[in-house]
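# A look at the structure
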Amino acid sequence: MLDISRRDRAAQAELAREIRLIFQDPFGSLNPRMTVFDILAEPLRVHGESDDRGFLEARVAAMLERVGLRPDAMRRYPHAFSGGQRQRIGIARALILRPRIVVADEAVSALDVSVRAQILNLLQDLREEMGLTILFIGHDLGVVRAFCDRVAVMYCGEVVEVAPAEELFRAPAHPYTEVLLSAVPEPDPRLRYTRRRIALVGEVPDPLARPAGCVFHPRCAYAFDRCRSEAPALAPYGRNRAVACWRRLDDPQAEASVGQAGRSG
Amino acid sequence: MSVEPILALREVTMSFPVRRGWLSRPLLLRAVNSVTLDVYTGEALGIVGEFRVWEDHTRALHRRRPSADLRQDLSTPARRRRHA
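Given the structure is predicted, the values throughout are model-derived calculations rather than measurements.

## Re the overall build of chain B
Looking only at helices and strands, chain B features three helices and three strands. When the helices and strands of chain B are read in sequence order from the N terminus, they spell out β-β-β-α-α-α. Put simply, chain B has 84 residues, and 27% of those count as buried.

## Quick notes on the confidence of the model for chain B
All names here are of chain B. Looking at chain B, the pLDDT average stands at 66 and 50% of residues meet or exceed 70. By mean pLDDT, the top-scoring element of chain B is strand E3 (residues 44-49) (92), and the lowest-scoring one is helix H2 (residues 70-74) (34). Note on residues 60-84: pLDDT under 50 across the span, and 25 contacts to partners over four residues away in sequence or across chains. Here the complex is predicted with pTM 0.80, and the ipTM for its interfaces comes to 0.85.

## Points about helix H2 (residues 36-46) of chain A
All names here are of chain A. For H2, the complete set of buried residues consists of Val36, Ile39, Leu40 and Ala41. Each element contacted by the buried residues of H2 is listed here: helix H3 (53-66) and helix H4 (83-95). Just downstream of H2, glycine 48 is the residue with a positive phi angle, here 70°.

## Side note on the interface of chain B and chain A
Across the contact, 34 residues belong to chain B and 44 residues belong to chain A. Only strand E1 (5-18), strand E2 (27-40), E3 and helix H1 (52-60) of chain B provide two or more residues apiece to the side of chain B that touches chain A. For the side of chain B that touches chain A, the element with the highest residue contribution is E2(B), accounting for 11 residues. Here strand E3 (residues 133-137) of chain A pairs with E3(B) via four bridges, running parallel. If you follow Phe136(A) over to E3(B), its bridge partner there is Gly46(B).

## Topic: the pairing of strand E4 (residues 150-155) of chain A
Of all the six residues making up E4(A), six are buried; the element is thus mostly covered by neighbouring parts of the structure. Of the two faces of E4(A), the one carrying Arg150(A), Ala152(A) and Met154(A) and the one carrying Val151(A), Val153(A) and Tyr155(A) are both buried. Strand direction decides the pairing type here: E4(A) and strand E5 (residues 158-164) of chain A, joined by six bridges, are antiparallel. Residue Val151(A) lies in a different strand from E5(A), and its bridge partner there is Ala163(A). Where E4(A) folds back onto E5(A) in an antiparallel hairpin, the turn is made up of two residues, including Cys156(A), whose phi is positive at roughly 50°. Across five bridges, the pairing between E4(A) and E3(B) is parallel. Within E3(B), the residue paired with Ala152(A) across the bridge is Ile47(B).

## Looking at the packing of H2(A) against H3(A)
Residue and element names in this part refer to chain A. Remark: H2 packs on H3, axes separated minimally by 10 Å, with the N-to-C direction vectors making an angle of 110°. In terms of orientation, H2 and H3 fall into the roughly perpendicular class. By crossing handedness, the relation of H2 to H3 is classed as right-handed. Contacts from Phe37, Leu40, Ala41 and Leu44 of H2 reach H3 at Leu56, Glu57, Arg59, Val60 and Met63. In terms of residue class, the contact of H2 with H3 is made up of seven nonpolar, no polar and two charged.

What counts, and at which threshold
Residues numbered from 1 in each chain as written. Chains lettered and ligands numbered in written order. Predicted model: local features only at pLDDT ≥ 70, side-chain atom pairs only at ≥ 80, totals over all residues. Helix = DSSP H or I, 4+ residues; strand = E, 2+ residues; numbered from the N terminus. Buried ≥ 20, exposed ≤ 12 C-beta atoms within 10 Å, placed from the backbone. pLDDT = per-residue confidence, 0-100. Contact = placed C-beta atoms within 7 Å. Pairing = 2+ DSSP bridges. Axes fitted to C-alpha atoms, helices over the stretch in contact; angles between N-to-C directions. Parallel < 35°, antiparallel > 145°, perpendicular 65-115°, else oblique. Left-handed = near helix turned anticlockwise from the far one by under 90°. Nonpolar A, V, L, I, M, F, W, Y, C, P; charged D, E, K, R; others polar.

Structural data, given as structure tokens:
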């Protein structure tokens, strides 16, 4: 058990080893002056695995193969690769230390749609092979639905709903989730106009002047008195979901334990 | 998927002092407000929302020092130095 709030060097170094990041921009996140070998060997060196060239080359070659690149790619510079290939290099860099947790920050949003699926499949395969836990930060809800087991919906810095992906998409419990889902484009033109699209009025509240009560109430179509005065905490809803919404917490389906999880004040 | 969380966030708050206009008192911008969330071993957890700023801060937490208690956080010397 590691306390991630500890700031001493040893704890931070161990965290940096166990939790790795995949970045959004495959162009900005690779140093153009470093060869792929240097990019991938750097984490191994920094974390003291080895300084032996032969050992490092073997590790880098193996990692490159795992992400679907040829080992001789290590001699080249990032400019020689396409966006999708660069993202593979970024993934290799994140995984070469065999982390337990990977934070994929919009890892596919900068890629062409045709390449996106390949990279997602690669991530899915590597996740199974290496037993990774992935925090997938994304805006493309279609991608999130396809890739994630569970989804946490955040609004104004707060988690407003957590649910298994399929359940969340089938029956959103929080009004904000409902709005988000209604904004997902429908690929089938015949269905396009059969769905209701909810347009939100106003802006995300200024975090310096949070609204009293529920953060979403000024834009919520269902808000009632309690929402304006009292903030709902994230509380269990149904069997394996949680939602911060008075409408749901008053619902008999919700197993009451309001105030258990969530905000302290 | 096991039932053991690999990552357990408890009332994690990330805040920044910001000034509006010179001379004004710094206000606390709570970019992440008391997030409590368990991440289970082997799962892929999606985080979605409207503005990426908020998510960014949640993600940046493992690099910065998160705190459950805001006041305690602000009285920590390391933190004061960073914003000085």
